[in-house]
Every structure is written in C-alpha cells, then in structure tokens.
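Architecture at a glance
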Amino acid sequence: MKEFTFTYPTRVYFGEGTAKNALKQELEKAGKTVMLAYGGGSVKRNGIYEEIMEILMQAGKEVVDFSGIMPNPMYSKVQEGAALAKERGVDLILAVGGGSVIDCCKVISAQARLSEDIWEMEYGRGKFPAEGIPVGAVVTASGTGAETNSGAAITCEDKNWKGAILGLAPVFAVLDPVYTASVPKIQVLSGAFDTLSHAMETYFGNSDMDNVSDDVALAIMKNTVVNMKRLLKDINDMQARGNLMWGSAMAENGILKVGRQTDFQVHQIEHQLGAFTDCNHGQGLAVIHPVYYRHIEKDAPDKFVRLAKEVFGAETAREGIDELENLIKACGLPTRLTQLKSKVEITPEILRKVADTSNLIKCGPREVSRDEIHEILMECR
C-alpha cells in the first residue's frame with residue numbers, strides 16, 4: 001500500500017429511531033440560524049419535514065427554508081443556496097434527502113464563505129476550500145455515501161459538464177432506515193447499485209497484493225448484493241435497508257481508498273451521460289457496468305475471478321459479470337440506455353458527445369480511449 005494519512009470528520013448516528021435524539025444533540029452546538037435544505041417535496045409528503053421542523057422549533061432555531069434541489073444538482077442551484085446562506089447569516093445547513101441534496105449543500109457550505117467562484121477556484125487555479133458553514137446530513141435515500149465525504153457531483157449546465165467539486169464534509173450524519181420507508185422500490189435499488197459500483201470501482205483500481213482495502217471492498221460488495229436480494233423479497237425489510245445505509249457510508253467514507261488508486265471510469269462516463277440527459281445516476285451505472293467489464297475483464301483476470309467467486313458464487317470472470325447483469329435484471333433496473341428516463345433522446349450523436357467529454361482514468365485495469373467509450377455506449381444502447 002502507498003503512504004497515506006486518514007481522517008474521518010463526520011459523526012455518524014445510525015439506527016432506527018436515532019434521528020430525533022441525534023438532532024437534539026447536534027442542535028445544542030449549532031448557532032441560531034439553520035438552513036433546512038431539501039428536494040422536490042417528498043419530505044413534506046412523508047412527514048419527515050414536519051418532524052424535523054418541530055425539533056428545530058423546540059431547539060429555538062430560526063429556520064431558512066431552501067427547497068427544490070434537483071437530482072443531478074445544478075451549479076446554479078448551488079449559487080442560489082450560497083447567496084441565501086450569506087444573506088441570512090446561516091450558522092448550520094441541514095441537508096435532508098439523498099445524495100443530490102447533500103452534495104449540493106456541501107458546495108453551498110464552501111461557496112457561501114468564498115469571495116470567488118468555487119468552480120473557477122478549483123478547476124482554474126487548482127485551489128480548494130478550507131472552511132465553510134457547518135453541514136449536517138439527514139439521509140432519506142441512501143446509496144451515494146455523500147454524507148461521509150467532502151466530494152460532490154454537480155452539473156454545470158452551461159458547460160454540459162458533470163463532475164466533482166469539493167465542498168465541506170458534513171460534521172454529522174443521521175442514518176435512520178425508517179426515514180427511507182417511503183422511498184420507491186426502484187429508487188432504493190438504484191441507490192444500492194450505486195454503493196455496489198463504488199466498491200467495485202475502488203476494487204478494480206491499482207493496488208498491491210493482499211491489501212486490506214480489497215478485502216473490505218469485496219465484503220461490502222457481497223453484503224450489498226445479499227441485502228438487495230433481501231429487499232427483492234420484502235421491500236419493507238428495515239434491517240436490510242439499514243445494512244445498505246451503512247454499506248453506502250462505508251463504500252464512500254474513504255476507508256476503501258486509502259493507500260491506493262481507484263478505477264472510477266464508469267462513474268466518469270455516467271456523469272457525462274447525466275450531464276447531457278439528466279438520467280438517474282444509479283440506473284445509468286447499472287446499464288454501463290456489465291458492458292464495460294466485458295471490455296476489460298482480460299486486463300485484470302485474477303481480480304475478476306475473485307469478485308465472481310466471493311461476491312456472486314460464480315467460477316469464472318465472465319460468469320461473475322453475467323451474475324452482475326442478472327442481479328440488475330432481477331432488481332428491475334434498466335439494462336439498455338434506451339430504457340433510461342431522459343430529458344433528450346439518447347442518440348448516437350449524444351453518445352459521441354458523452355465519450356468525447358468523459359474524463360479518462362489512467363489507474364484502472366486499462367485506460368480506455370474515447371472511441372472505445374463510444375463503442376461501449378453504443379453496445380449499451
């Protein structure tokens with residue numbers, strides 16, 4: 001393993017019924033003004049908004065409401081939130097939702113304390129934020145692991161670009177599986193596949209033999225698959241939902257990535273697919289992964305065989321990839337790009353643009369070319 005320094009800044013409160021006590025503890029430490037940030041309104045329909053508002057009122061907080069954070073959050077929404085946070089003197093941003101809401105808030109946190117544009121700072125000058133408004137995350141849809149790190153996937157609509165912007169990691173996160181109870185089945189399984197993808201893409205990066213990160217990544221993959229299958233039998237299995245919530249956090253809290261390089265080529269492709277089509281992230285990953293893996297299986301034969309045996313109980317690399325695809329089908333996730341919900345028709349021309357703008361990863365089993373990415377996407381269509 002390579003030399004590393006590891007810190008984990010987020011306090012995690014996990015378990016059924018933990019949300020109320022966790023928030024009471026954290027709000028005692030927070031300042032007067034809290035921005036309550038959420039998405040399209042599902043938290044109001046399922047009662048979570050009312051419950052959290054009551055906790056905030058009991059704590060004597062002044063609440064700044066910030067709603068409408070969309071899936072694949074837009075950079076313009078980040079700027080809107082940062083301006084509001086500055087104007088109202090927000091002391092704590094409370095992100096209530098899934099990865100999109102949390103990602104947006106992590107960048108709002110940093111942008112609100114900056115005098116310059118954060119995208120220009122990071123991609124123009126190579127500088128990154130060191131401070132921000134404290135963020136707390138209440139997870140209502142798991143899968144991204146956004147609550148446990150500082151990275152955020154943001155879409156810059158004027159650039160046709162979706163990628164990582166570093167904000168501030170949440171100071172605390174609440175993982176209460178009960179808060180996921182109203183999430184539709186397809187969204188739960190899409191999120192779980194994102195977790196599986198995170199672990200797989202870390203595992204297929206460059207690493208030395210017999211390192212603990214590979215072993216932990218394989219364990220998270222296996223556990224994720226087991227609990228996805230449990231939910232196929234009973235979507236209301238709260239123990240399985242809780243297991244998936246913690247697996248999601250473990251896959252993205254950094255512990256799998258220390259001392260190694262990672263292969264996140266599928267994520268890079270899907271991010272650009274999302275930038276052009278606004279498709280669901282987990283479902284886009286589900287379409288691309290099996291095709292990509294059939295392209296590179298001969299470049300990491302031992303790792304593919306180990307994954308096949310330990311995660312899917314298969315014998316060969318190809319059988320393992322087939323089992324991955326069978327899981328995707330069993331979950332009712334899309335297997336073709338044409339099955340994705342998209343704001344535009346997914347044409348060969350769009351896929352060419354996706355290929356030509358995707359980041360190319362040099363530390364996976366093999367670096368793929370833009371032409372091969374286009375070939376992969378066309379096979380997915």
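Small disclaimer: the values here were computed from a predicted structure and weren't measured. (Residues numbered from 1 in each chain as written. Predicted model: local features only at pLDDT ≥ 70, side-chain atom pairs only at ≥ 80, totals over all residues. Heavy atoms only, no water.)

Section: the overall build of the protein
The helix and strand inventory of the protein stands at 15 helices and 8 strands. In terms of overall size, the protein behaves like a compact globule, its C-alpha atoms giving a radius of gyration of 20 Å where 381 residues would be expected to give roughly 21 Å. By its C-alpha atoms, the protein is 60 × 45 × 45 Å across when sized along the principal axes. Buried residues in the protein amount to 58% of all 381 residues. In the protein, of all internal contacts separated by at least 6 residues, the share reaching a separation of at least 24 is 77%. Working note: accessible area of the protein is about 15600 Å², and carbon and sulfur atoms make up 50% of it. Once the 42 positive and 51 negative side-chain charges of the protein are each reduced to a mean point, those two points are 2 Å apart. (Helix = DSSP H or I, 4+ residues; strand = E, 2+ residues; numbered from the N terminus. Rg over C-alpha atoms; globule rule 2.2 N^0.38 Å. Buried < 20%, exposed > 50% of the residue type's maximum accessible area, 1.4 Å probe, protein only. Contact = heavy atoms within 4.5 Å. Areas by Shrake-Rupley, 256 points an atom, 1.4 Å probe, with all protein chains shown as cover. Lys, Arg positive; Asp, Glu negative; His and termini not counted. Charge placed at Lys NZ, Arg CZ, Asp CG, Glu CD.)

Points about the environment of Val174
Along the chain, Val174 turns up in strand S8 (residues 172-175). Non-local contacts of Val174, meaning those with residues more than four positions away in its chain, are made with Tyr13, Thr18, Ala19, Ala22, Ala137, Val138 and Val139.

Digging into the pairing of strand S5 (residues 135-139)
The element S5 is extensively covered by neighbouring structure, given that 5 of its 5 residues are classed as buried. Of the two faces of S5, the one holding Val135, Ala137 and Val139 and the one holding Gly136 and Val138 are both buried throughout. Across 5 bridges, strand S4 (residues 92-97) lies against S5 in parallel orientation. Each residue of the ladder has a partner; that of Ala95, found in S5, is Ala137. As defined by bridge partners, S5 adjoins S8 across 3 bridges and the pair is classed as parallel. Looking at S8, one finds that Ala137 is bridged to Ala173. (Pairing = 2+ DSSP bridges.)

Here's the deal with the sheet that holds S4
The pairing of strands in a sheet comes from backbone hydrogen bonds and takes either a parallel or an antiparallel form. Pairing within the open sheet is parallel, and its 6 strands lie in the order S1-S8-S5-S4-S2-S3. Unpaired on one side and paired on the other, strand S1 (11-14) and strand S3 (62-66) mark the two borders of the sheet. The mean angle between the axes of side-by-side strands here comes to 20°, regardless of whether they run parallel or antiparallel. Of the strands in this sheet, strand S2 (33-37), S3, S4 and S5 are in contact with helix H3 (residues 48-58), which crosses S2 at around 175°. (Axes fitted to C-alpha atoms, helices over the stretch in contact; angles between N-to-C directions.)

Considerations on the pattern of salt bridges
By the definition in use, this model includes 21 salt bridges. Two residues, Asp103 and Lys106, come together in a salt bridge whose shortest N-O distance is 3.4 Å. Here the residue Asp103 and the residue Lys106 both occupy positions in helix H5 (residues 99-111), the gap between them amounting to 3 residues, near one helical turn. The residues Asp103 and Lys106 share a single accessibility class, namely buried. Between Asp214 and Lys303 there is a salt bridge; the shortest N-O distance is 3.5 Å. (Salt bridge = Lys/Arg side-chain N within 4 Å of Asp/Glu carboxyl O.)

Digging into the layout of surface pockets
By volume, the second largest pocket amounts to about 320 Å³. No other element matches helix H12 (residues 301-312), which puts 3 residues into the lining of the second largest pocket. A breakdown of the residues in the lining of the second largest pocket according to their chemical character gives 5 nonpolar, 5 polar and 7 charged. (1 Å grid on protein atoms, 1.4 Å probe; cavity = no way out; pocket = protein on both sides within 12 Å on 5 of 7 lines; lining within 4 Å. Points joined across faces, edges and corners; volume = space filled by probe spheres on them. Nonpolar A, V, L, I, M, F, W, Y, C, P; charged D, E, K, R; others polar.)

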